[in-house]
Amino acid sequence: MKIDSARLMKALKWILGIGIILFSVAPIYSSLLIALTPSVNVMEAQLYPKYWAFDNFSKAFRLIRPHLVNSFIYSIVTVLCTLAITIPPAYIIARYRFRFKKVLIFSILLTQMIAGIVLLPSLYQFFNRIHLINTSHGLVLTLIGLNLALTVWLLLGFFASLPREIEEAAIVEGAGFVTVLFRFVVPMAAPGIAVSAIFTFINAYNEFAAPLFLLTDAGKHPLTMRLYSFLSDVTIQWEMVGSSAIIGMIPPVLIFLFFQQYIIKGLTVGAVKS
């Protein structure tokens, strides 16, 4: 019976794992099928590629290229500014003791329960008064604000898991707060910072509601808004949606592969917090 139970559990794990993989890959495979299908045949049911319309990708790339660049710039600037703003306070919260520290941490977590779209109508009115509607920096400020709490929360765990001995030795040698933070702590926390940067990049890259509210100039639209423009009251250009979606996946995937080593280390470090 023990052997049968062990085999059953192993089989269930395999089934569950395969199910998760299929569930994750299915939307990408479906997009690829649509991307390879000519517009006149796009409504045909397919389990495997029947057509190989690679010209859809070249057409889609010409249409989305400026918006792909916009998304990449918005996301990179958001990551850099968010990390610059959140690293010092996250380190202070993780390392120092002060009154209402737990309340502050709980408040940071609480903000993650509020959908960002709920804040956008009020934000639109405020930005309209200070003339930030339809500006790139207005959108970037919004993306930074939407990612601040999550980034602080992620960095808290990484900073708290670092050994204190190196910091204490640096302080004994006369190093100040800024020197300790940026010369010793940040290099040690590089994997965790990389993980936070990836999450921030993906959130900013995939954001749809904020540019929908704040940008009216099509030339400033990110990729998500360009994809939305393929959907109209009259028709939906499914082959362009599929091709653009596949092309749009490439930058995040390349960044993930480039920082894969740091991400794996960062997830491990964050998981062993004492």
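Read on for an overview of the structure. The residue numbering used here restarts from 1 in each chain and proceeds along that chain's sequence as written. A pLDDT threshold of at least 70 governs which residues receive local features in this predicted model, and a stricter bar of 80 or more applies before side-chain atom pairs are shown or counted, although totals over entire chains, interfaces and linings include all residues. For side-chain calculations, the full set of non-hydrogen atoms in the structure is used, while hydrogens and water are omitted.

1. A short note on the overall build of the protein
Next, step 1: Think of it this way: any DSSP run of H or I at least four residues long counts as a helix, any run of E at least two long counts as a strand, and we number them from the N terminus. Scanning the protein from terminus to terminus reveals twelve helices and zero strands.
Next, step 2: In sequence order, the secondary structure elements of the protein are arranged as α-α-α-α-α-α-α-α-α-α-α-α.
Next, step 3: When its C-alpha atoms are laid out on the principal axes, the protein stretches across 70 × 70 × 30 Å.
Next, step 4: When contacts within the protein are restricted to residue pairs at least 6 apart in sequence, those whose partners lie at least 24 apart make up 73%. Whether two residues are in contact is decided by their heavy atoms: any pair within 4.5 Å suffices.

2. Some details on the packing of helix α8 (residues 190–206) against helix α11 (residues 238–258)
Next, step 1: α11 packs onto α8 with a crossing angle of 175 degrees between their chain directions and a minimal axis gap of 11 Å. Of the possible angle classes, the one that applies to α8 and α11 is roughly antiparallel. Contacts from Ile198, Phe201 and Tyr205 in α8 reach Gly248, Pro251, Pro252, Ile255 and Phe256 in α11.
Next, step 2: When grouped by side-chain class, the residues that make up the contact of α8 with α11 number seven nonpolar, one polar and no charged. Every axis corresponds to a line fitted to the C-alpha atoms, with the helix fit spanning only the stretch in contact, and the corresponding angles, defined between N-to-C directions, vary from 0 to 180 degrees. Put simply, angles under 35 degrees are roughly parallel, angles over 145 are roughly antiparallel, angles from 65 to 115 are roughly perpendicular, and the rest are oblique. Polar here means any residue outside two lists: the nonpolar Ala, Val, Leu, Ile, Met, Phe, Trp, Tyr, Cys and Pro, and the charged Asp, Glu, Lys and Arg; Gly therefore counts as polar.

3. A word on the environment of Ile93
Next, step 1: In this structure, Ile93 sits in helix α2 (residues 55–95).
Next, step 2: Classification of residues uses two cut-offs on accessible area relative to the type maximum, computed with a 1.4 Å probe and protein chains only: under 20% is buried, over 50% is exposed, and between them is partly exposed. The exposure class of Ile93 is buried, given its relative accessible area of 6%.
Next, step 3: Taking the C-alpha atoms as reference points, Ile93 and Gln261, separated by 168 residues in sequence, lie 27 Å from one another.
Next, step 4: Sequence-distant contacts of Ile93, defined by excluding residues within four places in its chain, comprise Phe98, Lys101, Leu104, Ile105, Ile108, Val152 and Leu156.

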